[in-house]
Amino acid sequence: MKSMMRGAGRAAAYGTLITTLACVLAAGAQTCTTRATMPTAMLDAVSSAALSLATAVQANDAARVRASTIAEYAADFSSSEFLIRTTAPRLAGETLRVTSVFGLDATGRKAGAPEDAEFICALSGTSLEADFAIPSLPPGNYAFTMVEASGGTQPWLLAFLLRQEGGAWKMAGFYPHARTAAGHDGLWYWNEARAASKSRQPWAAYLLYAEAYALLKPVGFMTSSHLDNLVNEQRSNAPPELSNGIGKDTPLVVKGPAGEFHFTGLSADRSDDGARVHVALRLRAETADGAAVRVRNEAAAAAFVTAHPELKKYFQDVWVFADTDAQQPFVLTQREMSQIP
């Protein structure tokens, strides 16, 4: 259940429980085992496999990782090899430690089932939970593990989805993930978002919440009670213009000296080296002329920051991505905050 029911009658609580159990049974009896309740032999085997894979990634040993990967992914290993090659340098000098293990039993799932494989993992001794919704997951016995790389200059998370095959736990998914941006972790951004909101800086708060979420969410198919709380805070403190979200059909309109700009996306993002955090804007391009688009992108960046000057305190750059209808690559324009009056 997404939250504990307090002050409600037993009948309502039992009704919710029965509904939840019915959903689990309908999904093929997909169950979750947390680290606290996992048999010692399974915990040791999964932790050992995850740490071995993480050590191989740190050593940039793609061959070793491939040898411990399920057959369907090992057959086409190019994307995983790229991730290993680009992640390895970030782990230099870091200490590896398994911090989270979840057992995900999908042995009762039907092959080719179109719905996501959903797992509700209640955390022992608390009202909190971690939830998984994994698309296109074949039947099998899985484990999700998180290995923290810390102690050096670049804290990093290595998340692995493992599947049990022939008594061994093999990699069925690899998800490297930054733990910091511009020297700060997700909890720092969460606290800064709250402070910005209290200081009536809703645009800065909205983007700081977004960066906190990006750093704290380990992988796209997992969420948790804490992350749900973060999202709820962001929504409740969002500027009115963003209360219904923005997109192609509901753009954010900002006016400037060069005209009116329709933004279809707004987020925070980190640079590749993790040293800087920038505001990322998506803008509808009115022409396929690259030079003209770049000029318009710069004007759009200036208009947006001028309308929301509080952003200069927290972000170093503005990146504008302009999409065209001519099936050409988007045009990216980067501007330093210091370059915008």
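Look up: the structure comes first, before these words.
This write-up is about the structure you can find in this document. These numbers were taken from a predicted model, which means no experiment stands behind them. (Residues numbered from 1 in each chain as written. Predicted model: local features only at pLDDT ≥ 70, side-chain atom pairs only at ≥ 80, totals over all residues. Heavy atoms only, no water.)

1. Here's the deal with the sheet that holds strand β5 (residues 140-150)
Using the following cut-off: We call two strands paired when DSSP finds no fewer than two bridges between them. Helix and strand definitions here come from DSSP, where helices need a minimum of 4 consecutive H or I residues and strands a minimum of 2 consecutive E residues; each element is numbered from the N-terminal end. Note on method: axes are straight lines fitted to C-alpha atoms, helices fitted across the in-contact stretch only, with angles between N-to-C directions ranging 0 to 180 degrees. For this analysis, residues touch if any pair of their heavy atoms sits within 4.5 Å.
Sheet architecture is open: five strands sit in the order β1-β2-β5-β6-β7, paired in antiparallel fashion. Looking at which strands have only one partner, the edges of the open sheet turn out to be β1 (31-34) and β7 (168-178). The average angle at which neighbouring strand axes cross in this sheet is 20°, direction not considered. Sheet topology note: the β1/strand β2 (residues 95-106) ladder contains four bridges and is antiparallel. Residue pairing for β2: Thr-34 is matched across the bridge by Phe-102. Here helix α2 (residues 40-58) sits on the sheet and contacts β2, β5, β6 (156-165) and β7; the angle it forms with β2, its principal contact strand, is near 130°. On top of the sheet, helix α5 (residues 78-87) reaches β6 and β7; it is set at about 55° to β7, its chief contact.

2. Points about unusual backbone geometry
Apart from glycine, the bulk of residues carry a negative phi angle, and the bulk of peptide bonds sit in the trans form. The condition is simple: Only protein chains enter the accessibility calculation, which uses a 1.4 Å probe; a residue whose area is less than 20% of its type maximum is buried, one above 50% is exposed, and one in between is partly exposed.
Of note in the backbone geometry, Asn-60 takes a positive phi value of approximately 55° without being a glycine. Tracing the backbone shows Asn-60 in the loop between α2 and α3 (62-67). For Ala-182, which is not glycine, the phi dihedral falls at a positive 55°. Take Ala-182: it is sitting in the loop between β8 (180-181) and β9 (184-185). A residue is classified by how much of its surface remains accessible, and Ala-182, at 27% relative accessible area, is partly exposed.

3. Let's talk about the sheet that holds strand β10 (residues 222-224)
Read across the sheet, three strands follow the order β3-β4-β10 without closing on themselves; strand pairing throughout is antiparallel. Among the strands making up the open sheet, the edge pair consists of β3 (117-122) and β10. Across the sheet, the mean angle from the axis of one strand to that of its neighbour is 15°, orientation sign disregarded. With three bridges connecting them, strand β4 (residues 129-134) and β10 associate as antiparallel partners. Within β10, the residue paired with Asp-131 across the bridge is Thr-223. Sheet contacts for helix α8 (residues 225-236): β4 and β10; angle to β10, the most-contacted strand, approximately 80°.

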